Amino acid sequence: MAQRPYIVGNWKMNGTRAMLSEARAIDRAAQRNMKVEVALAPPFTLIHAVHREVEQIGVGAQDCHPGEDGAHTGDVSATMLADAGAKFVILGHSERRTGHNESNELVRAKAEAALAAGMRVIMCCGEDAATREKGGAEAFVLAQLRASLPQIENAAERLTVAYEPIWAIGTGNNATPEDIGAMHTAIRGLMVELFGLEEGAEVRILYGGSVKPENARELLSAAEVGGALVGGASLAADSFMGIALAVADAPEG
Ligand code: PEP
């Protein structure tokens, strides 16, 4: 079954209630562009407010704790996020793997908690510049994914993978469509190996790393790309929906 391109905005640690007008503008534009599925992951503090303001777009979170509740000062569980209106959670982002020392095992535990709470998971993966230069990008990404993916029955149904080379995030550098296509094809192979031909083929694989309205069509036309995870360009409705429109208007390949 052909799926609509999935364009997800990751607001990271940006946004106060003043940004709700951007979320509303994104939602209105998404209602006019049903060829693309649009979602936003605002910071924890805005999840409930964005959820209440929008009608069309999906709302998600950028992290969760692997536990259900308890003495974890400052943490937020998947159940709490679902209660606030989040339908998915981004996990394994390189900014959390590096900035918070998150291991593959921890990322996997978080993913299992999110699925158990009824949410969908966007599982991030990606190599750093040194690994790519050494020629080890594909082996690294596949090993990272194998160790981070949730080991739960029917996980594929609620799983999206986001390939985000670390050296392309927030830098203005992009992978080439050929490199993206090669990596996504390798990830597709892993999905089929782990989940079987049918379910493995349905897992959407997003590309992330300095995606902008100007380069979206080219980057997202690479093989096995099911959409984009967008950081900086998702903070303004014009640039974020510019990406969604570029993808929606792309000729069918
Ligand atoms: C991201 O951090 O998920 C990301 C892709 O950021 P940017 O689009 O700013 O490179």
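The numbers attached to residues start from 1 for each chain and follow its sequence in the written order. With the structure being a predicted model, the display of local features is reserved for residues of pLDDT at least 70 and the display and counting of side-chain atom pairs for 80 or more, all residues being used for whole-chain, interface and lining totals. Computation of side-chain values: all heavy atoms of the structure, hydrogens and water removed.

Peer 1: When you look at the pattern of salt bridges in this model, what are you seeing that I'm missing?
Peer 2: Side chains that differ in charge, positive against negative, can pair when their charged atoms come close. Take a side-chain nitrogen of Lys or Arg and a carboxyl oxygen of Asp or Glu: if they are within 4 Å of each other, that pair is a salt bridge. The final tally for this structure, using the stated rule, is twelve salt bridges. E53 is the partner of R24 in a salt bridge, and the nearest nitrogen-oxygen pair spans 2.8 Å. Remark: E53 occurs in helix 2 (residues 44–53) and R24 occurs in helix 1 (residues 20–32); sequence separation between them is 29 residues. Through salt bridges with shared partners, a single network forms among D63, R96, E102 and K110. In this text, helices come from DSSP runs of H or I with a minimum length of four residues, and strands from runs of E with a minimum of two, each type numbered from the N-terminal end.

Peer 1: It is not clear to me how the nonpolar core should be interpreted in this structure. Could you clarify?
Peer 2: Within soluble globular proteins, side chains that are nonpolar tend to cluster in buried spots. Core analysis: the biggest nonpolar cluster contains 72 residues, and I7, L145, I187 and M191 have the highest contact counts within it. Of the residues forming this core, the biggest block, eight residues, is contributed by helix 11 (residues 237–248). The contact rule is simple, with two residues in contact once any of their heavy atoms fall within 4.5 Å. Sequence-distant contacts of L145, defined by excluding residues within four places in its chain, comprise M123, C125, V161, I187, L190 and M191. One finds Y6, V8, A39 and L206 within the second-largest nonpolar core, a separate group that totals eleven residues. To qualify as a nonpolar core, a set must consist of buried Ala, Val, Leu, Ile, Met, Phe, Trp, Tyr and Cys residues joined through side-chain atoms within 4.5 Å. Categorising residues by exposure relies on relative accessible area from a 1.4 Å probe, with only protein chains included: less than 20% of the type maximum marks a residue as buried, more than 50% marks it as exposed, and the intermediate range marks it as partly exposed.

Peer 1: Is there a simple way to think about the sheet that holds strand 8 (residues 227–230) in this case?
Peer 2: Backbone-to-backbone hydrogen bonds pair the strands of a sheet. The strands run either parallel or antiparallel. Think of it this way: DSSP has to see at least two bridges between two strands before they count as a pair. The eight strands lie next to each other as 1-2-3-4-5-6-7-8, forming a closed barrel whose pairing is parallel. Across the sheet, the mean angle separating the axes of adjacent strands is 25° when strand polarity is ignored. In this sheet, strand 8 lies alongside strand 1 (residues 6–10) in parallel orientation, the contact comprising four bridges. Counted as the bridge partner of G9 is V230 from strand 8. Sitting on the sheet, helix 7 (residues 137–148) touches strand 5 (120–125) and strand 6 (159–163), and the angle it makes with strand 5 is about 150°. All axes are obtained by fitting lines to C-alpha atoms, using only the stretch in contact for helices, and the reported angles, taken between N-to-C directions, cover 0 to 180 degrees.

Peer 1: Which parts of the structure should I look at to understand the pairing of strand 7 (residues 204–208)?
Peer 2: Regular strands have side chains that alternate between both faces of the sheet. Of all the five residues making up strand 7, five are buried; the element is thus mostly covered by neighbouring parts of the structure. Covered by surrounding structure in strand 7 are R204, L206 and G208 together with I205 and Y207, the residues of both alternating faces. Bridging between strand 6 and strand 7 involves four bridges; their strand directions are parallel. Among the inter-strand pairings, T160 is bridged to a residue of strand 7, identified as R204. Pairing geometry for strand 7 and strand 8, over two bridges, is parallel. Its bridge partner lying in strand 8, G208 is registered against L229. When the strands point away from the viewer, a crossover counts as right-handed if the path from the first strand over the helix to the second runs clockwise. One crossover worth recording links strand 7 to the parallel strand 8 by way of helix 10 (residues 213–219), and it is right-handed.

Peer 1: How do you make sense of the packing of aromatic side chains when you look at a structure like this?
Peer 2: To describe a pair of aromatic rings, you give the distance between the ring centres and the angle between the ring planes. Centres within 6.5 Å are what make two rings of Phe, Tyr or Trp a pair, Trp counting through its six-membered ring; a difference in plane orientation under 30 degrees is then read as stacked, over 60 as edge-to-face, and the rest as tilted. Scanning the model with the defined rule gives one aromatic pair in all. Ring geometry for Y163 and Y207: centres 6.2 Å apart, planes at 55°, overall tilted. With Y163 in strand 6 and Y207 in strand 7, this residue pair connects regions lying 44 residues apart in the sequence. The pair formed by Y163 and Y207 is uniform in burial state, with each residue classed as buried.

Peer 1: Where do I start with the pairing of strand 2 (residues 37–41) in this structure?
Peer 2: Strand 2 sits mainly inside the fold: four of its five residues count as buried. Summarising the sheet, strand 1 and strand 2 pair through five bridges and their orientation is parallel. Directly across from I7, in strand 2, lies its bridge partner V38. One crossover worth recording links strand 1 to the parallel strand 2 by way of helix 1, and it is right-handed. In this fold, the crossover linking strand 2 to strand 3 (residues 58–61) by way of helix 2 has right-handed handedness.

Peer 1: When you look at the side chain of H184 in this model, what are you seeing that I'm missing?
Peer 2: Structurally, H184 can be placed in helix 8 (residues 177–195). With a relative accessible area of 0%, H184 lands in the buried category.

Peer 1: Is there a simple way to think about the packing of helix 1 against helix 11 in this case?
Peer 2: How two helices pack is summed up by the angle between their axes together with the distance between the axes. Two elements in contact, helix 1 and helix 11, have axes separated by 9 Å at closest approach and are oriented at 25°. Between helix 1 and helix 11, the angle is such that the two are roughly parallel. Here helix 1 runs over helix 11; the crossing is right-handed. Taken together, the residues of helix 11 that come into contact with helix 1 (itself represented by E22, A25, I26, A29 and A30) are A237, F240 and M241. Reported orientations rely on four angle classes, namely roughly parallel under 35 degrees, roughly antiparallel over 145, roughly perpendicular from 65 to 115, and oblique for the rest. With the far helix as reference, a near helix turned anticlockwise by less than a right angle produces a left-handed crossing, and one turned clockwise produces a right-handed crossing.

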